[in-house]
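Here is how the chains run, residue by residue.
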Amino acid sequence: MADKIREAVARLNARQSYRPDHRIRRAPERVITPPVTSNEDQEDGSLRQSLAAIADRQFCLGVKYSEQQMRADRDGAHPDIIEFGRLLVKRMRRLDVPMFESTMWRTMDDQQSAYVLGHSNAKPGQSAHNYGCAVDVIHGVKGWNLSRQEWSIIGHVGKELAAQRGFKLTWGGDWQRLWDPAHWELTEWRSNKMVRA
């Protein structure tokens, strides 16, 4: 996704800097019309705007961002979910997007609260979070309050990263019943449950 976004930025910059070549003689009153934009160009512009809306380089350099990186309880969680969460945050940071892992483990009481509040369809014992096999990665400034387009950028980056590293993950942004774009879980978490002592 980052490469696609970079290509879109380069194409737009090339169009915006379009100037006639001074070596070619032209009729003095000739009007040069800009190239017609396609739907793909509009989509690229929309992606650039969405990425710009969630980027915050200054926040990434601050103390609060550093503190957020220590928030999630990773102790004893599945090694693949720990590594994925770390790498997703790092990759988004390269795009100046401040993300952090907010939740990895969730106690049964916390799961019950999330279920009662409607933040989860899973009852206690039915969530990958209860077994250290899931991570919620959210924006450092906006939290969960991102548009679908903004979440789709993060989802695309996460899926690309998972494919590159061979992680078998499910993204909550693909769910129909309870859309949860911050959530990533091991696809086969039921057979990879971690148990805390």
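Thresholds applied
- Residues numbered from 1 in each chain as written.
- Predicted model: local features only at pLDDT ≥ 70, side-chain atom pairs only at ≥ 80, totals over all residues.
- Heavy atoms only, no water.
- Phe/Tyr/Trp six-rings, centres within 6.5 Å; stacked < 30°, edge-to-face > 60°.
- Helix = DSSP H or I, 4+ residues; strand = E, 2+ residues; numbered from the N terminus.
- Buried < 20%, exposed > 50% of the residue type's maximum accessible area, 1.4 Å probe, protein only.
- Pairing = 2+ DSSP bridges.
- Axes fitted to C-alpha atoms, helices over the stretch in contact; angles between N-to-C directions.
- Contact = heavy atoms within 4.5 Å.
- 1 Å grid on protein atoms, 1.4 Å probe; cavity = no way out; pocket = protein on both sides within 12 Å on 5 of 7 lines; lining within 4 Å.
- Points joined across faces, edges and corners; volume = space filled by probe spheres on them.
- pLDDT = per-residue confidence, 0-100.
- Salt bridge = Lys/Arg side-chain N within 4 Å of Asp/Glu carboxyl O.

Novice: How should the packing of aromatic side chains be read in this particular structure?
Specialist: Between two aromatic rings, the relevant description is the distance of the centres plus the angle of the planes. Within the structure shown, the criterion is met by 5 aromatic pairs. Consider the rings of phenylalanine 84 and phenylalanine 167, whose centres lie 6.3 Å apart with planes at 85°: the pair is edge-to-face. Taken together, the residues phenylalanine 84 in helix H5 (residues 79–94) and phenylalanine 167 in the loop between helix H7 (148–165) and strand E3 (169–171) connect sequence positions 83 residues apart. Phenylalanine 84 sits in the buried class, given a relative accessible area of 0%. Measuring from centroid to centroid gives 5.0 Å for phenylalanine 84 and tryptophan 184, while their planes differ by 55°, and the two rings are tilted.

Novice: Sorry, what's going on with the sheet that holds strand E1 (residues 99–103) here?
Specialist: What holds strands together in a sheet is hydrogen bonding between their backbones, with the strands either parallel or antiparallel. Across the sheet, which stays open at both edges, the 4 strands sit in the order E1-E2-E4-E3 with antiparallel pairing between neighbours. A single partner strand is all that each edge strand has here, and the edge strands are E1 and E3. Each adjacent strand pair in this sheet contributes to an overall mean axis angle of 30°, direction not counted. Along the sheet, H5 contacts E1, strand E2 (134–139), E3 and strand E4 (183–186); its crossing angle with E1, the most-contacted strand, is approximately 150°. Across the sheet, H7 is in contact with E1, E2, E3 and E4; its angle to E3 comes to roughly 175°.

Novice: Looking at this structure, I do not really get the layout of surface pockets. What am I missing?
Specialist: To locate leftover empty space, one rolls a probe as large as a water molecule over the atoms. Put simply, the largest pocket is a space of about 660 Å³. Lining the largest pocket are 32 residues, and of these Arg106, His119, Ser120, Leu178 and Asp180 lie nearest its centre. At the level of secondary structure, the elements contributing two or more residues to the lining of the largest pocket comprise E1, helix H6 (108–117) and E4.

Novice: Would you mind going over the confidence of the model for the chain with me for this structure?
Specialist: One rule of thumb: low pLDDT means the predicted coordinates there are not for detailed reading. Confidence along the chain averages 83 in pLDDT terms, with 77% of residues attaining 70 or more. Scored below 50 in pLDDT, residues 15–37 shows 8 contacts in the model against residues more than four places distant or in partner chains.

Novice: How do you make sense of the pattern of salt bridges when you look at a structure like this?
Specialist: Close approach of charged atoms lets side chains of opposite charge pair. A complete count under the given rule lists 7 salt bridges for this structure. When the shortest N-O distance is used, the salt bridge between glutamate 101 and arginine 74 registers 2.7 Å. Of this pair, glutamate 101 sits in strand E1 while arginine 74 sits in the loop between helix H4 (63–68) and H5, and the two are 27 residues apart along the sequence. For glutamate 101, a relative accessible area of 3% translates into the label buried. The salt bridge partner of arginine 91 is glutamate 160, with a shortest N-O separation of 3.7 Å. Taken as a pair, arginine 91 in helix H5 and glutamate 160 in helix H7 lie far apart in primary sequence, 69 residues in all. Glutamate 160 sits in the partly exposed class, given a relative accessible area of 27%. Here the salt bridges do not stand alone but share partners, grouping Arg57, Arg93 and Asp96 into one network.

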